[in-house]
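# Notes for the structure review
Chain by chain, the residues run as shown.
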Amino acid sequence: MDRELFPRERTVIAPGAVHVPDWIAAARQRELLAACRAWARPPAGLRTVRTPGGGTMTARQVCLGLHWYPYGYARTAVDGDGTPVKPMPRWLADLGREAVAAAYGTPPGPEVVYDIALVNFYDGDSRMGMHRDAEERSGAPVVSLSLGDTCVFRFGNTASRGRPYQDVRLCSGDLFVFGNSSRLAYHGVPKVLPGTGPQGLGLTGRLNITLRVGGLG
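Below is a short write-up of the structure.

Parameters and conventions
Position labels on residues start from 1 in each chain and follow its written sequence. Only residues with pLDDT of at least 70 are given local features in this predicted model, and only at 80 or more are side-chain atom pairs given and counted; all residues enter the totals for whole chains, interfaces and linings. Processing note: side-chain calculations cover all non-hydrogen atoms of the structure and skip hydrogens and water entirely. Counting from the N terminus, the helices are DSSP H or I runs at least four residues long and the strands are E runs at least two residues long. Each polar contact in these results corresponds to two N or O atoms within 3.5 Å; when the atoms are within protein, one needs to be able to donate a hydrogen and the other to accept it, and residues that are neighboring in sequence are counted only if both atoms are side-chain atoms. Note on pairing: DSSP must find at least two bridges between two strands before they are called paired. To obtain an axis, a line is fitted to C-alpha atoms, over the contacting stretch when the element is a helix, and the angle between two such axes runs from 0 to 180 degrees between their N-to-C directions. Whether two residues are in contact is decided by their heavy atoms, any of which lying within 4.5 Å being enough.

To continue, consider the side chain of Ser144. Within the secondary structure layout, Ser144 lies in strand E8 (residues 142-148). For Ser144, the side chain forms a polar contact with the side chain of Asn208, separated by 2.7 Å.

Read across the sheet, four strands follow the order E7-E12-E9-E10 without closing on themselves; strand pairing throughout is antiparallel. In the strand order of this sheet, the two ends are held by strand E7 (128-131) and strand E10 (166-170), each with one partner. If you compare each strand with its neighbour and ignore which way they point, the axes differ by 25° on average. Looking at chain direction, strand E9 (residues 150-155) and E10 are connected through five bridges and run antiparallel. Residue pairing for E10: Phe153 is matched across the bridge by Val168.

Reading across from one edge, E1-E2-E11-E8-E13-E6-E3 is the order of the seven strands in this open sheet, with antiparallel pairing throughout. Two strands in the sheet have a free side with no partner beyond their single neighbour: strand E1 (11-14) and strand E3 (60-64). On average, each strand axis in the sheet is tilted by 20° relative to the strand beside it, whichever way the strands run. As paired elements, E1 and strand E2 (residues 17-20) share three bridges and run antiparallel to each other. Bridge assignment links Ala14 to a residue of E2, and that residue is Ala17. Packed onto the sheet, helix H2 (residues 90-104) meets E2, E3, strand E6 (116-122), E8, strand E11 (175-178) and strand E13 (206-212) and runs at close to 80° relative to E11.

The following block contains the structure:
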């Protein structure tokens, strides 16, 4: 990572929730985008997530390490093409640890190994309702990396989907980490701002790479 390990510009949104703007350099953003495009290809590629009530999520998704579905994990794309999930790359797991160190000022313990990635693609009309990342058995911080268009990221509380919450603009290259007492906070994306991504990136829309520690064995 061609950034300081402990950047000076950090904003604490809530206890354990930290926003680090412009953490991913432009060249690394292009590398991540190329990787996301490769992961999106079949098998176990980009798919539309169907909710238990019969609806669909507007953001499309591809998973690495384990396949997430509402509300659990599997080793195959159970609501996709049924094939085994692509592996979690070691370099991406290492990037998750670097991200925690950048947000908190100290690296996580050796037991924290990021083994799940959810890559969500948002077009201009996509949204993500308020939800918690609660299917994991590990309390390790969640790492969120943004590429492309800016979004409004709504970070709430641990009790309900309603107020209090804060709206944070996440731009291409931004890092957001939430753990500790904020690990199970509700959060969502009420709006994407089309046309706001870097022109040199070559991405129309927004990609969010969310890294998690499953603790699922």
